[in-house]
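Structural overview for review
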Amino acid sequence: MIRILINLTVFLFVSVPVASAAITSKDHPKLKEMLQQHPAADIDKDGTLTFAEYRAFLKSQGPRKRADGGEAGPISTLLANGDLLITDFEENNYGRMRQWGWTIEGKSFERDFATATRIMKRRAATHSGRYLLSSYPETDATTGRVVSPIFEIEQKAIQFQLSGGQHPQRICVNLVVDGDVLRTITGRNRDSLETVAFDVSALKGRLARLEIIDAHTGIWGHINVDRMVQTDHATARRVVDKIPAHYGQVIGTVQTTDGRRRGALTINEGRLGIDKHPAEISTLLLVICENEIRRPPSQDALSHGALRLIDGEVWYGKVLSLEDGQITLQSSMFKSRKVPLKQIASIEFKPGKVSGGEPGTMYRDQGEPIPGRLVWIREKDVAIDCALGIVPIPRGSIQRLVLAAPRQQVDSSQDEVGLVDGSLLRGTLTAKDDRLVLEHSTLGTLSFEWSDIRHVRRSPNGVIWLDSLAGKILDRVGPILPPPPPSVVVSINPDHLRAIRMMPRTVTQYELPAGSAKRTLRAILAPVPGCRADINVRVKDGDRVLWERKISASSEPMEVAVDLQRATKFTIEVDYGDRLAFPCGVDWRDAHVLVR
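To start, this report covers the structure provided alongside it. (Residues numbered from 1 in each chain as written. Predicted model: local features only at pLDDT ≥ 70, side-chain atom pairs only at ≥ 80, totals over all residues. Heavy atoms only, no water.)

Among the nonpolar cores identified, the biggest contains 47 residues, and I347 and W450 are the most heavily contacted of them. Excluding anything up to four places from it in sequence, W450 contacts V250, L265, T266, I267, L272, V287, C289, L436 and V456. (Core = buried A, V, L, I, M, F, W, Y, C linked by side-chain atoms within 4.5 Å. Buried < 20%, exposed > 50% of the residue type's maximum accessible area, 1.4 Å probe, protein only. Contact = heavy atoms within 4.5 Å.)

With that settled, the discussion passes to unusual backbone geometry. With an omega dihedral of 0 degrees, the bond running from F582 to P583 counts as a cis peptide bond. Take P583: it is sitting in the loop between strand 45 (569-576) and strand 46 (586-595). Unusually for a residue other than glycine, N189 sits at a positive phi of about 55 degrees. Relative to the helices and strands, N189 resides in the loop between strand 9 (180-185) and strand 10 (190-199). Phi is positive for D324, close to 55 degrees, though the residue is something other than glycine. Inspection of the secondary structure puts D324 in the loop between strand 21 (318-323) and strand 22 (326-331). (Helix = DSSP H or I, 4+ residues; strand = E, 2+ residues; numbered from the N terminus.)

In this section: the sheet that holds strand 21. Ordered by their spatial adjacency, three strands build an open sheet running 21-22-23, and the pairing between neighbours is antiparallel. At either end of the open sheet lies a strand with only one pairing partner, and these are strand 21 and strand 23 (335-340). Going across the sheet, the axis of each strand differs from the next one's by a mean of 25 degrees, ignoring polarity. With six bridges joining them, strand 22 and strand 23 adopt antiparallel strand pairing. Directly across from S331, in strand 23, lies its bridge partner K335. (Pairing = 2+ DSSP bridges. Axes fitted to C-alpha atoms, helices over the stretch in contact; angles between N-to-C directions.)

All right, on to the pattern of salt bridges then. According to the stated counting rule, one finds 28 salt bridges in the structure shown. In this structure, E348 engages R308 in a salt bridge whose closest nitrogen and oxygen atoms are separated by 3.3 Å. One end of the pair, E348, is in strand 24 (residues 344-348); the other, R308, is in strand 19 (residues 306-309), with 40 residues separating them in the sequence. Look at E348 and you get buried, because its relative accessible area is 1%. Accessibility expressed as a relative area gives 29% for R308, which makes it partly exposed. One salt-bridge network, held together by shared partners, links R538, K540, E548 and E573. (Salt bridge = Lys/Arg side-chain N within 4 Å of Asp/Glu carboxyl O.)

This brings us to the pairing of strand 7 (residues 157-164). Of all eight residues that make up strand 7, eight are buried, and the element is covered over most of its length. Neither face of strand 7 is exposed, since A157, Q159, Q161 and S163 on one face and I158, F160, L162 and G164 on the opposite face are all buried. With seven bridges joining them, strand 7 and strand 10 adopt antiparallel strand pairing. Note that in strand 10 the partner of Q159 across the bridge is A197. Strand direction decides the pairing type here: strand 7 and strand 12 (residues 223-231), joined by seven bridges, are antiparallel. Each residue of the ladder has a partner; that of I158, found in strand 12, is Q230.

Any functional reading would require information beyond the geometric quantities listed.
Put into structure tokens, the structure is as follows:
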């Protein structure tokens, strides 16, 4: 009886497309089991339990109770068409769902269903019932997670409506069995809901949870879900029937001196692995982690401020205080640290709000900037000594405080590590046991798992990153005005970290250190986003053409390896193709010269 009551509920007032006479205990196992456990439910005593009798019996029993005495909620409610309703989000009350055993975490799910539905209604198009679940109350920047109570898998498929971002492991719905993710699915970077399903026919009888995750803060960082049912008659065109490969592991694109590979990243006894292919850290040039493993939002709660250092590093965390000329920063990645003011370029109280600024100036949400000298930092206010004397400013109104100008050039010989909280650190990177270890001049020895890291970039002996060289512009001619000079574009994507953007009618020369070793220029070459014209690209040693290619506006990114032989200077020429159209240009992604 207890097992039956766990799977049944009085939450039965749902619209169904099939008449209640469609199923009886003769053809549905749930009604058959109910009849066996509760013969009194057969009101007309004909030996058959109808759906109407089932509903009447449940109503007479009153709300069922959990083990702790609280009211249990609607998990696996039998519907008139034979499906089992897990949830349809029609309650419009997160508090009630929590009482029923659901877990709701993070700011993405703070709004009630009615508000989220109203915001998403036009974008999501048709949905079931009055409400849907959406993690887009106001912005893609919030994160959160919703987890169902445990339920028994009783039918062949779990079917629901889904839309939103296409970010595996970060924006997804998971089926979790015994702590393992056995099915997962994402949206398709659109908000129009589609019917999707998990094939769970091989998992019947197992206990499971459904997990709805929003752990992505960029574009398409939200998810929409509606009406989740178990069914023996799935109608979804998109069906997931396999255990996801690499779930729970970090997938990355790895560039070594031997080539480029994508796969699951591991560290074992100080040795790196990419899908079980070993790699020495001495050969490692670049790692870009595609997926940030989910964390409870509380672990990132401290990351709402930042210190930007003069040397270009960025440390995210909560700025606590100023004492004896040192700032105390509480970081979720490297705990509490003290940083001398002389090393800091700016203190960001609201990262990303403002860039640039004059040294010795406080910038606020409203009002003119205030020049002055920092006096104190407290929990509620920050004070500066300005023309009006020592003035305390409410902390919540401050965007940033600029102390000095950052250096234009950084030490490119150091290893660069970007963390998932946005921090950027430089030092000497090694691998030890099952972790990456960074020796940092100020922070000391830091160790990280792959799940802590967004990217790594190294400059080992024999490797020169093209963006670290000062390219000399030899020619820049446009049809009306000269094109912009080559620029470095920083954009952490699954396939590249930095790119040198070149527009047509430019000729740029690069000078390499003297030596007799052979040199090879390697990069991923791609047209700029939104490119509308073909481009001719050449790499030359003096007047001698070493490599040339016509890049069409629709070309896919291509791997390029140009044998520079023993040249100490080479030029890159970018020119128009057969016609003029704008925008137009190419990106040299993660371009570097390998010297051997």
